[in-house]
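What follows is each chain in one-letter form.
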Amino acid sequence: MLEREIVEIRSSSDVVVVRQKVRSLAVELKFSLVDQTKIVTAASELARNTVDYGKGGTVTLEVLNVGTRKGLRLTFEDNGPGIPDIDLALKDGYTTGSGLGLGLSGAKRLMHEFEIASEVGKGTRVTITRWR
């Protein structure tokens, strides 16, 4: 099992690859089917945001082993326009595009840990973690 991998996200086909890699890792780590679905859904939303709003970027997939705990951490990074108001962006229903506005807030709800950092003109980094 890999411990760390970086995957480029530039197009819709890359979003599919991210979903497949995340699902495979979640299965290997023996997450329940419900948890697998939560992780893959959050990863899909953030990968889509990376393409649509960040103009492409990367995701770093990390297997975590902390004592007896196992987890999966995903860090999405882009050099896009950044998010001027993170609090507003995290509100359900807020969107600057044509989506439902549930990407960031949905990913936050689906995971155990959620961190976001963004600077206008420099890009955004979102880190999500789910523990088994």
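Please read these numbers as outputs of a predicted model, since none were measured by experiment.

*Asks:* Quick question: what am I supposed to make of the environment of Asp-92 here?
*Replies:* Positionally, Asp-92 belongs in the loop between helix H3 (86–89) and helix H4 (103–110). For Asp-92, a relative accessible area of 48% gives the class partly exposed.

*Asks:* Looking at this structure, how should I read the side chain of Asp-14?
*Replies:* Checked against the element boundaries, Asp-14 lands in helix H1 (residues 12–28). Buried and unpaired, Asp-14 has no salt bridge, with Arg-10 as the nearest side chain of opposite charge at 6.2 Å. Within the structure, Asp-14 has its side chain in polar contact with the backbone nitrogen of Arg-10 (distance 2.7 Å). Once residues within four sequence positions are removed from consideration, Asp-14 is found in contact with Glu-8 and Ile-9.

*Asks:* Honestly, H1 in this entry has me stumped. Any pointers?
*Replies:* One turn of the α-helix equals 3.6 residues, which is why residues spaced by three or four share an orientation. The end-to-end C-alpha distance of H1, which contains 17 residues, comes to 25 Å, matching closely the 24 Å that a straight helix rising 1.5 Å per residue would cover. Where H1 is buried, its residues contact strand E1 (4–9), helix H2 (33–52), strand E2 (57–66) and strand E3 (69–78). Phi turns positive, to about 65 degrees, at Lys-30, one or two residues after H1.

*Asks:* Even after reading the chapter, I still don't get the sheet that holds E1, so can you show me in this structure?
*Replies:* By way of backbone hydrogen bonds, the strands of a sheet pair with one another, either parallel or antiparallel. Pairing within the open sheet is antiparallel, and its 5 strands lie in the order E1-E2-E3-E5-E4. Each having just a single partner strand, E1 and strand E4 (113–119) make up the two edges of the open sheet. Taken pair by pair, the neighbouring strands of this sheet meet at an average axis angle of 15 degrees, ignoring direction. For E4 and strand E5 (residues 123–131), the ladder comprises 7 bridges, and the chain directions are antiparallel. Counted as the bridge partner of Ser-118 is Thr-124 from E5. With respect to the sheet, H1 is in contact with E1, E2 and E3, its orientation differing from that of E1 by roughly 160 degrees. Sheet strands in contact with H2 are E1, E2, E3 and E5, and its direction is about 15 degrees off that of E3.

*Asks:* How should the packing of H2 against H4 be read in this particular structure?
*Replies:* The description of two helices packed together rests on the angle between their axes and the distance between the axes. Two numbers describe how H2 lies on H4: the axes approach to 9 Å, and their chain directions differ by 155 degrees. On the basis of the axis angle, H2 is roughly antiparallel to H4. The chirality of how H2 crosses H4 is left-handed. The segment H2 lies against H4, with Lys-38, Thr-41, Ala-42, Glu-45, Leu-46 and Asn-49 engaging Gly-103, Leu-104, Ala-107 and Leu-110. When the residues that make up the contact of H2 with H4 are grouped by side-chain class, the tally is 5 nonpolar, 3 polar and 2 charged.

Rules used throughout
- Counting restarts for each chain: residues are numbered from 1 in the order of the written sequence.
- Residue-level local features of this predicted model are given only where pLDDT is at least 70; pairs of side-chain atoms are given and counted only at 80 or more, and the full residue set underlies all totals for whole chains, interfaces and linings.
- Calculation of side-chain values draws on the structure's entire complement of heavy atoms; hydrogens and water are dropped beforehand.
- The way it works is that DSSP assigns letters per residue, a run of H or I at least four long becomes a helix, a run of E at least two long becomes a strand, and they are numbered from the N terminus.
- Relative accessibility decides the category of a residue: with a 1.4 Å probe and only protein chains considered, values under 20% of the type maximum give buried, values over 50% give exposed, and everything between is partly exposed.
- Under this rule, positive means Lys or Arg and negative means Asp or Glu; His and the chain ends count for nothing.
- Take a side-chain nitrogen of Lys or Arg and a carboxyl oxygen of Asp or Glu: if they are within 4 Å of each other, that pair is a salt bridge.
- Any N or O atom pair separated by 3.5 Å or less is treated as a polar contact, with the protein-specific requirement of one donor-capable and one acceptor-capable atom, and with residues adjacent in sequence counted only for side-chain atom pairs.
- Residues count as neighbours in contact if any of their non-hydrogen atoms are within 4.5 Å of one another.
- Helices are assigned an expected span. That span is 1.5 Å times one less than the residue count.
- When DSSP locates at least two bridges between a pair of strands, those strands are taken to pair.
- Inter-axis angles, ranging from 0 to 180 degrees, are taken between N-to-C directions of lines fitted to C-alpha atoms, where helices are fitted over the stretch in contact.
- Here the angle decides the label: under 35 degrees means roughly parallel, over 145 means roughly antiparallel, 65 to 115 means roughly perpendicular, and every other value means oblique.
- By definition, turning the near helix anticlockwise from the far helix through less than a right angle yields a left-handed crossing, and turning it clockwise yields a right-handed one.
- Residue classes follow a fixed rule: Ala, Val, Leu, Ile, Met, Phe, Trp, Tyr, Cys and Pro count as nonpolar, while Asp, Glu, Lys and Arg count as charged, and any other residue, Gly among them, counts as polar.

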